[in-house]
Amino acid sequence: MKQIYTYGNYLKDKFGCKVYKVGINISGFTCPNIDGTVAKGGCTFCENDSFSASANEVQELKGFHLNLDSKENKFLDKQLLQLTQQFESISARQKREYGAEKFLVYFQSFTNTYAPFETLKALYEKALSFENVVGLSIGTRSDSITQETLEYLAKLNENKEIWIEFGIQSIYDETLIKINRGHDAANVKEWIQKSKKVGLNVCGHLIFGLPDETPSMMIETAKEAYKWGIDSVKYHPLYVVKRTALANDFKSGKFTPISEAEYLDVLVQTIQLKPVHVSVQRVTAGINDDSLLSPNWCRDKNIQIKNINAALKPIGLKY
Ligand code: SF4
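No experiment lies behind these values; they were computed from the predicted model shown.

1. Observations regarding the site of the ligand
No. 1: Taken together, the neighbourhood of the ligand is formed by Cys31, Ile34, Gly42, Cys43, Phe45, Cys46, Arg141 and Arg181.
No. 2: Grouping the amino acids of the shell around the ligand by side-chain chemistry returns 5 nonpolar, 1 polar and 2 charged.

Here it is as structure tokens:
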């Protein structure tokens, strides 16, 4: 059985050792799809009413939110401290438990280019100064990044490994409207291509099971994303959590989650169509707590991976 080309394989080939992503959550970052700049309420599947109440919240930063027009950031020192503390504690655990040797700092939660340029620079450069950090991965939206930021990241990419992660989700604008995404597919395509043009590495996030999408639409989305030039991909099923707009649609019967059989079928086909050099960072998603409303098969990650491997077996692949 041949192993799918994973992101872990990519990093190992490139750096010759175990490289782990360290997921960071900085207070004060928000999302233009929530703060009213693009829309309010966010994507229909996003649980964001507790936006500033994460486990890592710094008390003084409660209720403080940056945006691209913020003129100053009086809490930058606190954010830098938060970054350092999170990095130290997570990377130490990854070293201890998994033998991680080098790290990519992953700005994971919310929209991590949606802040004043000086704030972004300070945070990114601090992250790159930590011992054994080989680069950054920055999760963002395609409507929340500027050419100035892209060019600055391209400079950093000359000596470090810089990734940008864009939520593509679907190439169908009617779907993006249904999930209140706040931007269209052309915008994602434009910024992925601009990122590639300046030499950055791009990861695209895809969701299968979006409202009213057929399997062939999901497969077309993956095919297009590959054509846009993504270097890495994360595949997710759409699952419903409490306190979201999608939860209301699910309860009223307007939305039915994708079945595991259909997800596996789409996943196997999209993996078969994937260019060999595109690494895979994620083949599923879920949550194992009482916030999950449906589908139940998204609860247990181990069973999901077991079933994904069983579905990949006939085509000679494993994850
Ligand atoms: S872009 Fe991300 S953070 Fe913003 S509303 Fe959508 S899912 Fe939530």
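2. Here we look at the nonpolar core
No. 1: In terms of nonpolar packing, the biggest core is built from 70 residues, with Phe107 and Tyr235 touching the most fellow members.
No. 2: The residues touching Tyr235, leaving out its near neighbours within four places in the chain, are Leu206, Phe208, Tyr226, Tyr263, Leu267, Thr270, Ile271, Lys274, Val280, Arg282, Val283 and Thr284.

3. Re the packing of aromatic side chains
No. 1: Under the criterion given, the structure shown has 13 aromatic pairs.
No. 2: Here Tyr20 and Tyr98 contribute two aromatic rings whose centre-to-centre distance is 5.5 Å and whose plane-to-plane angle is 5 degrees, an arrangement assigned as stacked. Taken together, the residues Tyr20 in strand β2 (residues 19-24) and Tyr98 in helix α2 (residues 76-98) connect sequence positions 78 residues apart.
No. 3: Under the relative-accessibility criterion, Tyr20 is labelled partly exposed at 25%.
No. 4: On the accessibility criterion, Tyr98 (38% relative accessible area) is partly exposed.
No. 5: For the pair Phe87 and Phe130, a centre-to-centre distance of 4.6 Å together with 15 degrees between the ring planes defines the contact as stacked. Highlighted residues: Phe87 in helix α2 and Phe130 in the loop between α3 (117-129) and β4 (133-140), separated in sequence by 43 residues. The residues Phe87 and Phe130 share a single accessibility class, namely buried.
No. 6: Each member of the aromatic cluster is reached from another via a ring pair, and the members are Phe107, Phe117, Tyr124 and Tyr152.
No. 7: Taking the ring centre of Trp191 as reference, the NZ or CZ of Lys194 above it sits at 4.1 Å.

4. Quick notes on the pattern of salt bridges
No. 1: As enumerated under the stated definition, the model contains 12 salt bridges in all.
No. 2: Among the salt bridges present, the one from Asp231 reaches Lys196, with a minimum N-O distance of 2.8 Å. Taken together, the residues span a long stretch of sequence, with Asp231 in the loop between α7 (215-228) and β7 (232-237) and Lys196 in helix α6 (residues 185-197) at a distance of 35 residues.
No. 3: You can call Lys196 partly exposed: its relative accessible area is 27%.
No. 4: Between Glu220 and Lys223 there is a salt bridge, and its shortest N-O distance comes to 3.1 Å. Here the residue Glu220 and the residue Lys223 both occupy positions in helix α7, the gap between them amounting to 3 residues, near one helical turn.
No. 5: Residue classification places Glu220 among the partly exposed residues on the basis of a relative accessible area of 28%.
No. 6: When salt bridges that share partners are traced, they join Lys21, Glu165 and Lys234 into one network.

Calculation notes
- Sequence order sets the numbering: in each chain, residues are counted from 1 along the sequence as written.
- Two thresholds apply to this predicted model, a pLDDT of at least 70 for residue-level local features and 80 or more for giving and counting side-chain atom pairs, whereas whole-chain, interface and lining totals are computed over all residues.
- To get the side-chain values, take all heavy atoms of the structure and skip hydrogens and water.
- By convention in these notes, a residue is near a molecule or strand provided one of its non-hydrogen atoms lies within 4 Å of it.
- Note that Gly is not counted as nonpolar here; it falls among the polar residues with everything else outside the nonpolar set of Ala, Val, Leu, Ile, Met, Phe, Trp, Tyr, Cys and Pro and the charged set of Asp, Glu, Lys and Arg.
- Among the buried residues, those of types Ala, Val, Leu, Ile, Met, Phe, Trp, Tyr and Cys that are joined through side-chain atoms within 4.5 Å form a nonpolar core.
- The cut-offs for exposure are 20% and 50% of the maximum accessible area for each residue type, with area from a 1.4 Å probe on protein chains only; residues under the lower value are buried, those over the upper are exposed, and the others partly exposed.
- Residue contacts follow a heavy-atom distance rule, with two residues in contact if any of their heavy atoms lie within 4.5 Å.
- The rule is short: rings of Phe, Tyr and Trp, with Trp giving its six-membered ring, pair when the centres are within 6.5 Å, and they are stacked under 30 degrees, edge-to-face over 60, tilted in between.
- A run of DSSP states H or I qualifies as a helix once it reaches four residues; a run of E qualifies as a strand once it reaches two. Both are numbered from the N-terminal end.
- Either the NZ atom of lysine or the CZ atom of arginine qualifies as a charge over a ring when it sits within 6 Å of the ring centre and within 35 degrees of the ring normal.
- By definition, a salt bridge exists where a carboxyl oxygen of Asp or Glu is found within 4 Å of a side-chain nitrogen of Lys or Arg.

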